[in-house]
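Each chain is listed here by its residues.
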Amino acid sequence: MRLVSTAELKNRTNEVLRTALAGEPVVVTRHGRPVASLVRLADRDLDALAQARRGRHADVSGAAFGYRYAAFPLPFGAFYVAFGPRGPAFARIATSARAFEREATRYLAAPVTPGRPPRWLAEATVAAVRRHEAFRGPVDLARVGPFEREVLEALRRIPAGQVRTYREIACGLGEPGAARAVGSACARNPLPLLIPCHRVVRSDGGLGGYSLRGGAGLKRRLLQAEGAISALFA
DNA sequence: TGTATGACGATAT
DNA sequence: CATATCGCCATAC
């Protein structure tokens, strides 16, 4: 994965494009924050695009491509990640590949089949879930609404070892009354762990809920492992 | 278009 | 302090 500023994108367009064409995702940053990505399209993706362009508002962003998925063993279960040309799109802890496949297929409304992730994705995923490193790569949020997308992008900026309250996130988006909607967005986060919704807690001091398999107990363990809360709190 | 649904928050009891 | 109630807001259906 390669990060480029908007200035770099303007001044070295061809060179940056070569990076993307080589298969390495390029993430564009503005004011130092990732805001967009450049991803190479495979031939079959181009076919899908041409098809989508012919059809009436077809879903160019995901459904036309189909997705693949891979499993990452974790201390608390198998973590499965479905990914497409635009990056990871759906992730869950599941008891079996079959169970994950069903969930992912239903959410993405597209075929989800086993496959090997690109090296950068495998490495970034392992770094995120096992070493608490921020997942900086591009993510596919094609099926997330506009407000919830803003919420998820805000969550990505919470450093490991820190927490924010649902209300703080809402205020940060200029919607001080939308704490509950922020909670809903977290509950429906398609990329738990990669997008650290476990770092959002209640403003009354409680930890709040966690809908990923493992529930609030897992949320507490994750925050402890990251050093965000002490063992005493638990 | 209206209605129901939450990983919330503030307040009352 | 725990529980109940009501307001809040973006989605799903």
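Preceding this paragraph is the structure being described.
Figured I'd write up the structure that's included with this text.

Conventions adopted
Residues numbered from 1 in each chain as written. Chains lettered and ligands numbered in written order. Predicted model: local features only at pLDDT ≥ 70, side-chain atom pairs only at ≥ 80, totals over all residues. Heavy atoms only, no water. Buried < 20%, exposed > 50% of the residue type's maximum accessible area, 1.4 Å probe, protein only. Helix = DSSP H or I, 4+ residues; strand = E, 2+ residues; numbered from the N terminus. Arc of directions from axis to C-beta. Contact = heavy atoms within 4.5 Å. Near = heavy atom within 4 Å. Polar contact = N/O pair within 3.5 Å; in protein donor to acceptor, adjacent residues only side chain to side chain. Nonpolar A, V, L, I, M, F, W, Y, C, P; charged D, E, K, R; others polar. Salt bridge = Lys/Arg side-chain N within 4 Å of Asp/Glu carboxyl O. Pairing = 2+ DSSP bridges. Axes fitted to C-alpha atoms, helices over the stretch in contact; angles between N-to-C directions. Expected span 1.5 Å × (residues − 1). Phe/Tyr/Trp six-rings, centres within 6.5 Å; stacked < 30°, edge-to-face > 60°.

## A closer look at helix H8 (residues 179-187)
Then step 1. All of the buried residues along H8 are Val-182, Ala-185 and Cys-186. One side of H8 holds all its buried residues, which, seen down the axis, span an arc of 100 degrees.
Then step 2. In this fold, the buried residues of H8 make contact with helix H6 (146-156), helix H7 (166-172) and strand E9 (200-201).

## Side note on the protein's contact with DNA strand C
Then step 1. As a matter of local geometry, DNA strand C sits amid Gly-145, Pro-146, Phe-147, Glu-148, Glu-175, Gly-177, Ala-178, Arg-180, Ala-181 and Arg-188.
Then step 2. For DNA strand C, the backbone makes up 73% of the atoms found within 4 Å of the protein, where backbone means sugar plus phosphate.
Then step 3. The separation between a phosphate oxygen of DNA strand C and a polar main-chain atom of Glu-148 is 3.1 Å.
Then step 4. Residue Arg-180 places a side-chain N or O atom 2.6 Å away from a base oxygen belonging to DNA strand C.
Then step 5. Going through the elements one at a time, H6 and H8 are the ones with two or more residues in the surface near DNA strand C.
Then step 6. Of all the elements, H6 adds the most residues to the surface near DNA strand C, at 3 residues.
Then step 7. Residues belonging to the surface near DNA strand C are distributed by class as follows: 4 nonpolar, 2 polar and 4 charged.

## Remarks on the pattern of salt bridges
Then step 1. Inspection of the entire model under this criterion finds 8 salt bridges.
Then step 2. Note that Arg-131 is salt-bridged to Glu-133, the shortest N-O span being 3.2 Å.

## With respect to the sheet that holds strand E5 (residues 77-84)
Then step 1. What the 4 strands build is an open sheet, ordered E6-E5-E4-E7; its pairing is mixed. Each edge of the open sheet carries a strand with a single partner, namely strand E6 (87-94) and strand E7 (112-114). Taking each pair of neighbouring strands and ignoring which way they run, the sheet shows an average axis angle of 35 degrees.
Then step 2. With 7 bridges joining them, E5 and E6 adopt antiparallel strand pairing. Bridge assignment links Ala-78 to a residue of E6, and that residue is Ala-94.
Then step 3. The sheet strands contacting helix H4 (residues 97-108) are strand E4 (67-74), E5, E6 and E7, and the helix crosses E6 at an angle near 135 degrees.

## Details of the protein's contact with DNA strand B
Then step 1. Around DNA strand B, a shell composed of 14 residues is seen, among which Tyr-166, Arg-180, Arg-202, Ser-203 and Ser-211 lie nearest.
Then step 2. The share of sugar and phosphate among atoms of DNA strand B within 4 Å of the protein is 43%.
Then step 3. Between DNA strand B and Ser-184, the relevant distance is 3.1 Å, taken from a base nitrogen to a side-chain nitrogen or oxygen of the residue.
Then step 4. Note that a base nitrogen of DNA strand B is positioned 3.1 Å from one of the backbone N or O atoms of Cys-186.
Then step 5. For the surface near DNA strand B, the secondary structure elements donating two or more residues are H7 and H8.
Then step 6. Across the surface near DNA strand B, the residue classes tally to 6 nonpolar, 5 polar and 3 charged.

## Brief notes about the environment of Ala-128
Then step 1. Relative to the helices and strands, Ala-128 resides in helix H5 (residues 119-131).
Then step 2. Through-space distance from the C-alpha of Ala-128 to that of Ala-160 is 9.7 Å; in sequence the pair is 32 residues apart.
Then step 3. Those residues in contact with Ala-128 that lie beyond four places of it in its chain are Glu-133, Phe-135 and Leu-194.

## A few points about H4
Then step 1. Taking 1.5 Å as the rise per residue, H4 with 12 residues should run 16 Å; its terminal C-alpha atoms sit 16 Å apart, in good agreement.
Then step 2. For H4, the full list of buried residues reads Ala-99, Phe-100, Glu-101, Ala-104 and Leu-108.
Then step 3. Residues of H4 that are buried sit in contact with E4, E5, E6 and E7.
Then step 4. Positive phi shows up at Ala-109, right after H4, with a value of about 55 degrees.

## Thoughts on the packing of aromatic side chains
How two aromatic rings sit relative to each other is given by the distance of their centres and the angle of their planes.
Then step 1. Using the criterion set out here, one finds 6 aromatic pairs in the structure.
Then step 2. Summarising the aromatic geometry, the rings of Tyr-69 and Phe-100 are spaced 5.4 Å apart at their centres and angled 55 degrees between planes, so their arrangement reads as tilted. Linking Tyr-69 in strand E4 with Phe-100 in helix H4, this pair joins segments that are 31 residues apart in sequence. Comparing Tyr-69 with Phe-100 shows no difference in burial state: the two are buried.
Then step 3. Between Phe-90 and Phe-100, the ring centres sit 5.8 Å apart and the planes meet at 35 degrees, which makes this aromatic pair tilted. Placement of Phe-90 in strand E6 and of Phe-100 in helix H4 is noted, with a sequence separation of 10 residues between them. Take Phe-90 and Phe-100: they sit in the same class, and that class is buried.
Then step 4. Taken together, Tyr-69, Tyr-80, Phe-90, Phe-100 and Tyr-107 form an aromatic cluster joined through their ring pairs.

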